[in-house]
Amino acid sequence: MTAIALAEPPDLPPGSRDVYLPIVGGPPPVVAINPVTAFYRLLTADQRQQRGRLEVCACLEQAAAWRAHGLAVLGDPWSHRDRDGIRPNAYARRAGCVLPPDYAIDGNQGESLVAGSADPAVMFAALAASASHRVHLFGELDFYRRQDKIGVAVCEGPGEFRWYWAIFISRCEE
């Protein structure tokens, strides 16, 4: 709550053209931050993060956007396989990411999904609380620790969970 206290105006000489304008103060305005940017910040600032660096990758952002849209709008099943049977590695490759040759053509070596809230902190906490997602998110194994590129997307839709997030963390040569 902001309290406003207005002082009495000063005595001004008769005929003065001076104008008294009170100063009204309060807390600084709340600046909304992009939820994807907030998610990146949470991930990179977390002390559990074991990667030396994590760089935003346009190809992985595109793959994540396609997946989040598919889940939220197109009715893809809540799975690491879309309605046509296409898996995350294929999405990354279609977006232009050159994945390492040992990544399966029809596999998932880099996607995490979470849904149910527009709040990045809530979604980040949900993934971090999941043992299988935490390993990917924070690079707890050497395989994942070598993944230094990231793309995140969130999409709102009419589906069961309303807000769908796709997080792609992988090795990618754009």
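Whatever comes next refers back to the structure up there.
Residues numbered from 1 in each chain as written. Predicted model: local features only at pLDDT ≥ 70, side-chain atom pairs only at ≥ 80, totals over all residues. Heavy atoms only, no water.

## Considerations on the packing of helix α4 (residues 120-129) against helix α5 (residues 131-138)
Between two packed helices, what matters for the description is the angle formed by their axes and the separation of those axes.
Line of reasoning, step 1. Look at α4 against α5: their axes get within 5 Å of each other, and the N-to-C directions meet at 110°. With respect to each other, α4 and α5 are oriented roughly perpendicular. Touching Phe124, Leu127, Ala128 and Ala129 of α4 are Ala131, His133, Arg134, Leu137 and Phe138, all from α5.
Line of reasoning, step 2. Of the residues belonging to the contact of α4 with α5, the class tally is seven nonpolar, one polar and one charged. (Axes fitted to C-alpha atoms, helices over the stretch in contact; angles between N-to-C directions. Helix = DSSP H or I, 4+ residues; strand = E, 2+ residues; numbered from the N terminus. Parallel < 35°, antiparallel > 145°, perpendicular 65-115°, else oblique. Contact = heavy atoms within 4.5 Å. Nonpolar A, V, L, I, M, F, W, Y, C, P; charged D, E, K, R; others polar.)

## Observations concerning the state of the cysteines
Line of reasoning, step 1. Following the criterion strictly, the structure yields one disulfide and no others.
Line of reasoning, step 2. Sulfur-sulfur distance for the disulfide between Cys97 and Cys172 comes to 2.1 Å. With Cys97 in the loop between α3 (88-94) and β2 (111-115) and Cys172 in the segment after β4 (163-170), the pair connects residues that are 75 residues apart, well separated along the chain.
Line of reasoning, step 3. What makes Cys97 buried here is its relative accessible area of 3%.
Line of reasoning, step 4. Here Cys59 is not disulfide-linked; the sulfur of Cys57 is the nearest cysteine sulfur, at 4.7 Å. (Disulfide = S-S within 2.5 Å. Buried < 20%, exposed > 50% of the residue type's maximum accessible area, 1.4 Å probe, protein only.)

## With respect to the pattern of salt bridges
Line of reasoning, step 1. Taken as a whole and judged by the stated rule, the model has 11 salt bridges.
Line of reasoning, step 2. Of the charged contacts, one joins Arg53 and Glu55 as a salt bridge, the two residues approaching to 2.7 Å between their closest N and O atoms.
Line of reasoning, step 3. Given a relative accessible area of 48%, Arg53 falls into the partly exposed group.
Line of reasoning, step 4. Look at Glu55 and you get partly exposed, because its relative accessible area is 34%.
Line of reasoning, step 5. One salt bridge in this structure joins Asp142 and Arg145, with 2.3 Å as the shortest N-O distance. Here Arg145 and Asp142 lie together in helix α6 (residues 142-145), a separation of three residues that amounts to about one turn.
Line of reasoning, step 6. One network of salt bridges, in which partners are shared, links Arg53, Glu55, Asp148 and Lys149. (Salt bridge = Lys/Arg side-chain N within 4 Å of Asp/Glu carboxyl O.)

## Section: unusual backbone geometry
Line of reasoning, step 1. Non-glycine residue Arg162 carries a positive phi angle of around 65°.
Line of reasoning, step 2. Residue placement: Arg162 occurs in the loop between β3 (149-156) and β4.

## A few points about the pairing of β3
Line of reasoning, step 1. Across the eight residues that make up β3, a large majority, six, are buried.
Line of reasoning, step 2. The pairing of β3 with β4 spans eight bridges and is classified as antiparallel. Directly across from Gly151, in β4, lies its bridge partner Phe168.
Line of reasoning, step 3. Between β3 and the antiparallel strand that follows it, β4, lie six residues; Arg162 among them carries a positive phi value of about 65°. (Pairing = 2+ DSSP bridges.)

## Looking at the packing of aromatic side chains
Line of reasoning, step 1. Taken as a whole and assessed by the stated rule, the structure comprises nine aromatic pairs.
Line of reasoning, step 2. Judged by centre distance (5.2 Å) and plane angle (85°), the ring pair of Phe143 and Tyr144 falls under edge-to-face.
Line of reasoning, step 3. Taking 6.1 Å as the distance between ring centres and 70° as the angle between the ring planes, the aromatic pair formed by Phe161 and Tyr164 counts as edge-to-face.
Line of reasoning, step 4. With a relative accessible area of 5%, Tyr164 lands in the buried category.
Line of reasoning, step 5. Clustering of aromatic rings is evident, with ring pairs tying together Phe39, Phe124, Phe138 and Trp165. (Phe/Tyr/Trp six-rings, centres within 6.5 Å; stacked < 30°, edge-to-face > 60°.)

## Some thoughts on the sheet that holds β2
Within a beta sheet, neighbouring strands are joined by backbone hydrogen bonds and run either parallel or antiparallel to one another.
Line of reasoning, step 1. With mixed pairing, the four strands of this open sheet are ordered in space as β1-β3-β4-β2. This sheet does not close on itself; its edge strands, each paired only once, are β1 (55-56) and β2.
Line of reasoning, step 2. Most of the contacts of α4 go to β2, to which it runs at about 125°, and overall it touches β2 and β4.
Line of reasoning, step 3. Packed onto the sheet, α5 meets β2 and β4 and runs at close to 125° relative to β2.

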